Amino acid sequence: MSDQPATQGRVEETHQQRLDVEGMRAIAIGTVLAFHAGLPWFAGGFVGVDVFFVLSGFLITGLLARELTRSGRVRLGRFWARRARRLLPASALVLLFSTAVTWFALPLTQRGAFGGDIVSAALYVVNWRLADRSVDYLAEDVGASPVQHFWSLAVEEQFYLVWPVLLLLMALLVRKRVLRGAFLVLALVALVSFAWAVHLSRTDPAPAFFVSTTRAWELAVGGLLALAAPKVHRVPAVARAALGWAGLLSVGYAALAFDGSTTWPGVATLVPVLGTAAMLASGVVPTRGGPGALLSLKPLVWLGGLSYSLYLWHWPVLVAGEALIDGFSIRHGVVLTLLSVVPAWLSLRYVENPIRFGARFRPDVRSLQLGAVLTSVGVALGLVLVLAPGVSGLERATPQQAQGARALLDPSAEASDPADQRRLDRVRPLPQDASDDRPAFYDEKPECQVAADDDDVEVCAWGDTDADRTVVIVGDSKIGQWQPVLADIASDEGWRLLQITKSACTFTDSYLSTGGEADRSCRTWGQEALRTIEGLDPDLVLTSGGRNTALADVASKRASQDAMVDGLTSIWGRLTDRGIPVAVLLDNPRPSTIPVYECVAENVDDLRSCSFDLDEGRSGSGAPAQQEAAARAGVGVVDLTDVVCPDGQRCPAVIGDVLVYRQGTHLTVTFVRSAREQLERALSAVGDGSFGRR
């Protein structure tokens, strides 16, 4: 995974090769492979990446420090040329394989997303792309990317680009004390980055895992040790040996004891990071009684030499296997992980080493040219996927052809059942575009839907913003999906539409469950939203949500529908007690085939296989709790179930040449807009006829 010396006695750099470092790489790659294969004993195997980060920081900083000591400068061209020879041939080959996996094994609808990932991986910025996607509530349908593992390589590459430049600048400015200056800079980076990692891993854990700013301190720890290596000689041998064993045990403990619930990369990350630093420090001078002899065993050295190639190859092999094997299990994961040794070894033997050690690419200019070509190849491969044609034989329906829910109003269509449709020739949106067929505010005003981990209340105005009459929509993305057509109705009928929404947060007095724990952020937001609505004193509150269960209180551990009903009844009652009318727009049935658009893409000749049972879909949605709470609270009910599932038994994937579902269980904007007439009738029926009248 990190830039590493070759095995079989060939050493690229001029310093002595440390065989124990190869053993540390073997431990790192072993824990990562065990974790990705699904072995339950290695739930913390992700710490192997942290081991790699420390090793990379140590080796690269040591290399640069030796060059500064010898010549007083850093030759950036030579440094980057070595990195290009070492890293890019193998990564380009794996990007080619990942492109083939995406094309032949993964859903057609994922090609665009994974093509973008491959472009980002080739440019070594994929960690930032994954960080962005990790907090995108609308990206939940995107599966495991075949190049997801490139995120850690991207972090290292960014380090390789920035750190030598900083050292060069310090060499020009400080000259005689450049290494002392480098130590101070790295120490500052380590402190700031660690503090940020602890903060962000608690407040926004999903992107914190990927971004370079939360990982820089791990590379800096390795760099600090490399600069302080001469001081390590003074430590007594007994202490160094004990330090090495303590470090090895720390890494092993982290791999076995930590799991997905561990806050990462937070304070707990110190265990494998400092453990790796301790092992490295122990081996700065060969130490009798330390772990160096164990780490230098030939099998470990061989595996360590293969670690970069093995890290690259194992993940796309696993992704392909999971896509192609029904009932994928741990056994399959283990077998495929072991088999990935074959392409990894072939890659090392016939691609990486010949380019790395061959005379043809020894000149730095040629190495840099090779790097540019290989990077361009990776970008081109990704663009092929991004620009790939859609489903063969399936055309995009024109706006005139795409009737959607309007087709249900045509008396001549009463005898036809959308759930019985077999062949699909045209549809809008196309399956590969379904995820983008969403309300415009997600892109134009993303702040209008508060993030899941934020409890601030944001009020966005739509429709006739100067109108005297006001309707408030409040809840999660299930009410947000109706915002476009509600805004259209409000504009046409002279109402002001105010949006108060938060991702994955039903507007309720009870607590939602997040991993078995009470979601305090959602409850705080809900209470503040209630006070905001009371202050607005609107003419109508329209709400919806996708959750059917909740926790009765913060101490509860088991979510139930009764708790959700109690919470909805309570919060709606507080509004109606103040004379504010409330109506609930029942949540649409939840598809059993998720994502629906992928099913459509794969079954254009048998569309019936993408329909699902209405009763099953309704039971999995928020509708049952909403309907019971509405009866208890005496609030209006807007029920469009017969529009989404017109035959009363099954819910089709396509109605009137319009794709019904997009991301997750959400409706496409095209379908929502097509249901305007039915929505207006239902809204008018629950009130006094003033909103949604026709």
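Above this text you will find the structure in question.
Worth saying up front: this structure is predicted, and the values here are computed from it rather than measured.

About the criteria used
- Residues numbered from 1 in each chain as written.
- Predicted model: local features only at pLDDT ≥ 70, side-chain atom pairs only at ≥ 80, totals over all residues.
- Heavy atoms only, no water.
- Helix = DSSP H or I, 4+ residues; strand = E, 2+ residues; numbered from the N terminus.
- Expected span 1.5 Å × (residues − 1).
- Buried < 20%, exposed > 50% of the residue type's maximum accessible area, 1.4 Å probe, protein only.
- Disulfide = S-S within 2.5 Å.
- Polar contact = N/O pair within 3.5 Å; in protein donor to acceptor, adjacent residues only side chain to side chain.
- Salt bridge = Lys/Arg side-chain N within 4 Å of Asp/Glu carboxyl O.
- Axes fitted to C-alpha atoms, helices over the stretch in contact; angles between N-to-C directions.
- Parallel < 35°, antiparallel > 145°, perpendicular 65-115°, else oblique.
- Contact = heavy atoms within 4.5 Å.
- Nonpolar A, V, L, I, M, F, W, Y, C, P; charged D, E, K, R; others polar.

Draft legend 1. Focus on helix α7 (residues 178–203). The end-to-end C-alpha separation of α7 is 37 Å, in line with the 38 Å expected for 26 residues at 1.5 Å each. Of all the residues in α7, the buried ones are V178, G181, A182, L186, A190, S193, A197, V198, L200 and S201.

Draft legend 2. Layout of the state of the cysteines. As enumerated under the stated definition, the model contains 4 disulfides in all. A sulfur-sulfur distance of 2.0 Å marks the disulfide that ties C448 to C460. Classification of the bridge connecting C448 and C460 rests on its S-S torsion, roughly -95 degrees, and on that basis the disulfide is left-handed. A residue pair is termed long-range when its members are at least 10 positions apart, and C448 in the loop between α17 (441–444) and β3 (449–450) and C460 in strand β4 (residues 460–463) qualify at 12 residues.

Draft legend 3. Broad picture of unusual backbone geometry. Omega for the bond connecting W264 with P265 falls within 30 degrees of zero, at 5 degrees, which places this linkage in the cis form. Mapped onto the elements of the fold, P265 is located in the loop between α10 (237–257) and α11 (270–282). In this chain, R428 is followed by P429 through a cis amide linkage whose omega measures -5 degrees. As for its placement among the helices and strands, P429 is situated in the loop between β2 (426–427) and α17. Backbone geometry places Y124, a non-glycine residue, at a positive phi of 55 degrees. Among the secondary structure elements, Y124 is positioned in the loop between α4 (111–122) and α5 (126–134). Owing to a relative accessible area of 8%, Y124 belongs among the buried residues under this scheme.

Draft legend 4. Up close: the side chain of Q449. Mapping Q449 onto the fold places it in strand β3. Given the relative accessible area of 6%, Q449 is considered buried. A polar contact of 2.9 Å, which involves the side chain of Q449, links it to the side chain of S503.

Draft legend 5. View of the pattern of salt bridges. Scanning all chains against the criterion turns up 24 salt bridges. The partner of E352 in a salt bridge is R86, and the shortest N-O contact between them spans 3.0 Å. Note that E352 is positioned in helix α15 (residues 341–357) and R86 in helix α3 (residues 76–104), a separation of 266 residues in sequence. There is no split in this pair, since E352 and R86 are both buried. Across the pair E680 and R676 runs a salt bridge whose closest N-O atoms are separated by 3.2 Å.

Draft legend 6. Representation of the packing of α5 against helix α6 (residues 150–173) in the model. In the contact formed by α5 and α6, the axes pass within 7 Å of each other and the chain directions differ by 130 degrees. By the angle class used here, α5 and α6 are oblique. Of α6, the residues touching α5 (which contributes V126, N127, W128 and L130) are F150, W151, A154, V155 and Q158. For the contact of α5 with α6, the residue count by class is 7 nonpolar, 2 polar and no charged.

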